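Observations on the model geometry
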Amino acid sequence: MYTLGIETSCDETACAVLKNDNQILSNVISSSLAKHQPFGGVVPEIASRHCLEAIDHVYHRALDEAGIEQKQIDLIAVTRGPGLIGSIFVGVSFAKALSFSLGTPFVGVNHIEAHLEANFIQNQKPNSFIGLIVSGGHTSILRFKRNRYELLGETIDDAIGEAYDKVAKILGLGYPGGPIIDRLAQKGNPKAFSFTKPKQDGKFDFSFSGIKTAALNLCEKREKKKFLPPLWRKVRTGVRLNPPPLSSPARGEENKFDDDIKYSNVFVRDLCASFQETVTGWIVEKTLLACQAEKMKNIVVGGGVSANSRLRSLLNQEAAIQGIKVFIPAFALTTDNAVMIARLGYSMYQKKKQSNYQMLAEPSLKIGE
Ligand code: KG4
Ligand code: ZN
């Protein structure tokens, strides 16, 4: 059985072909990342416009790479939310039109749940587990039991990826900030700065806006002493050094500019390392708490921040002590992609779930909906 996955929830336009439940025949992603870099974050109008321009090309490329004809598609799986309305709308409209013209069934899937399903292409899905979503838009702890996802806790302000991106912006490091901070942190002292742990009403809730402000305060204090790199001071005064090119750089090449300045500054490296050590510690602690409270022996992680080196090592290390198994997706499937959409759509279809033309794009779709 061939499932076509379509993902357009934010700044990526992706199509993938999955054979049965575990053979990835193609995984094509067109990112508008470079177009957002000058703004230090995703601009919704630019993102949806990119989806509209790219979707047809990405779809045909996914079929070509998979070596199948469109009439061979057995199922279309598409992200129906949550995300940016304009972007989701492109994928949903494309999926409906394709379904109508080919006479192929389609199913709308929850993007957040799909991040976790990315783990089940290579692994057998456990019957029950604690799900940890760490992405640019979400930080949530879920419970999966009796074939249903339920939300146990989430961030009350910034998502973890957003916090990474904002701290990187404060330091003038470029966008997206997560991978850059991750790299710099490996060369810094994680104990250089300490941050106050926030308190939330919900046992499994998070808050990351306080640590972002603390990072800003440290930078401002430091700036007075003129110990910050020139890059940071220029960004703070509104002039950017070496703005990134507007044409799309290859993935992974986006933030190579000004690396010398970043790496040579001990303060920046130490701040990155201390920030990373602190936030990953909070996340791991709450995830393990949820496991204990729910008596779970499996943790399944998903979302862009699951690429983080420290989160991966700390979670594996702490969970092993408690005899808990950790599932983290392959690097290629950590950030937004259509393989995970196809995978979730496939299992929903096996359970006789299917969508109809009344299905809408749902920017605020909740877990379990
Ligand atoms: O899941 P994703 O691709 O998009 C959303 O659905 O939000 O996640 C993107 C986020 C960005 O905030 C990016 O900075 C973060 O994932 N990210 C990382 C790393 N790689 C990507 N954060 C920390 N460490 C990384 N290695
Ligand atoms: Zn995502």
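Below: a short report on this structure. In this text, all values refer to a predicted model and were calculated from it rather than measured experimentally. (Residues numbered from 1 in each chain as written. Chains lettered and ligands numbered in written order. Predicted model: local features only at pLDDT ≥ 70, side-chain atom pairs only at ≥ 80, totals over all residues. Heavy atoms only, no water.)

Turning to the site of ligand 1, a few remarks are in order. Near ligand 1 lie 20 residues; those nearest to it are Gly 136, Asp 165, Asp 182, Gly 304 and Asn 308. Asp 182 places a polar side-chain atom, nitrogen or oxygen, 3.0 Å from a nitrogen atom of ligand 1. Calculation on ligand 1 without its partners gives an accessible area of 560 Å², and the protein chains cover 88% of this total. Elements supplying a minimum of two residues to the shell around ligand 1: helix H4 (111-117), helix H5 (160-170) and helix H6 (177-185). Sort the elements by how many residues they give to the shell around ligand 1 and H6 lands first, with four residues. Of the residues assigned to the shell around ligand 1, the class counts are five nonpolar, 12 polar and three charged. Taken together, domain 1 (2-118 + 332-350) and domain 2 (160-281) each give at least three residues to the shell around ligand 1, which thus spans both. (Near = heavy atom within 4 Å. Polar contact = N/O pair within 3.5 Å; in protein donor to acceptor, adjacent residues only side chain to side chain. Areas by Shrake-Rupley, 256 points an atom, 1.4 Å probe, with all protein chains shown as cover. Helix = DSSP H or I, 4+ residues; strand = E, 2+ residues; numbered from the N terminus. Nonpolar A, V, L, I, M, F, W, Y, C, P; charged D, E, K, R; others polar. Domains from an automatic or database assignment.)

Below, the discussion takes up the sheet that holds strand S1 (residues 2-7). Strand order in the open sheet formed by five strands is S3-S2-S1-S4-S5, and the pairing between neighbours is mixed. Edge positions in the open sheet fall to strand S3 (23-31) and strand S5 (106-110), since each of these has one partner strand only. Adjacent strand axes in the sheet meet at a mean angle of 20°, parallel and antiparallel pairs treated alike. Bridge count between S1 and strand S2 (residues 12-19): six bridges; the pairing is antiparallel. Residue Glu 7 lies in a different strand from S2, and its bridge partner there is Ala 14. Packed onto the sheet, helix H2 (residues 44-66) meets S1, S2 and S3 and runs at close to 25° relative to S2. With respect to the sheet, helix H3 (residues 85-102) is in contact with S1, strand S4 (75-81) and S5, its orientation differing from that of S4 by roughly 155°. (Pairing = 2+ DSSP bridges. Axes fitted to C-alpha atoms, helices over the stretch in contact; angles between N-to-C directions. Contact = heavy atoms within 4.5 Å.)

Glancing now at unusual backbone geometry. Here the amide bond leading from Gly 81 into Pro 82 is cis, since omega sits at -10°, within 30 degrees of zero. Structurally, Pro 82 is set in the loop between S4 and H3. Cis geometry marks the peptide bond from Tyr 175 to Pro 176, where omega comes out at -5°. Here Pro 176 shows up in the loop between H5 and H6. Here the phi dihedral of Asn 20 falls at roughly 50°; this positive angle occurs in a residue that is not glycine. Residue position: Asn 20 is located in the loop between S2 and S3. When its relative accessible area of 28% is taken as the criterion, Asn 20 is described as partly exposed. Phi angles above zero are rare outside glycine, and Lys 295 is one such case at about 55°. (Buried < 20%, exposed > 50% of the residue type's maximum accessible area, 1.4 Å probe, protein only.)

Attention shifts here to the nonpolar core. The biggest cluster of nonpolar side chains holds 49 residues, and the ones touching the most others in it are Leu 171, Leu 173, Phe 208 and Leu 271. Residue assignment for this core shows that the elements contributing at least two residues are strand S6 (129-134), H5, H6, helix H7 (209-224), helix H10 (266-294), strand S9 (298-302) and helix H11 (309-321). Take this core: its biggest share by element is 13 residues, from H10. One finds Val 28, Ile 55, Leu 63 and Met 359 within the second-largest nonpolar core, a separate group that totals 26 residues. (Core = buried A, V, L, I, M, F, W, Y, C linked by side-chain atoms within 4.5 Å.)

By themselves these figures say nothing about function.
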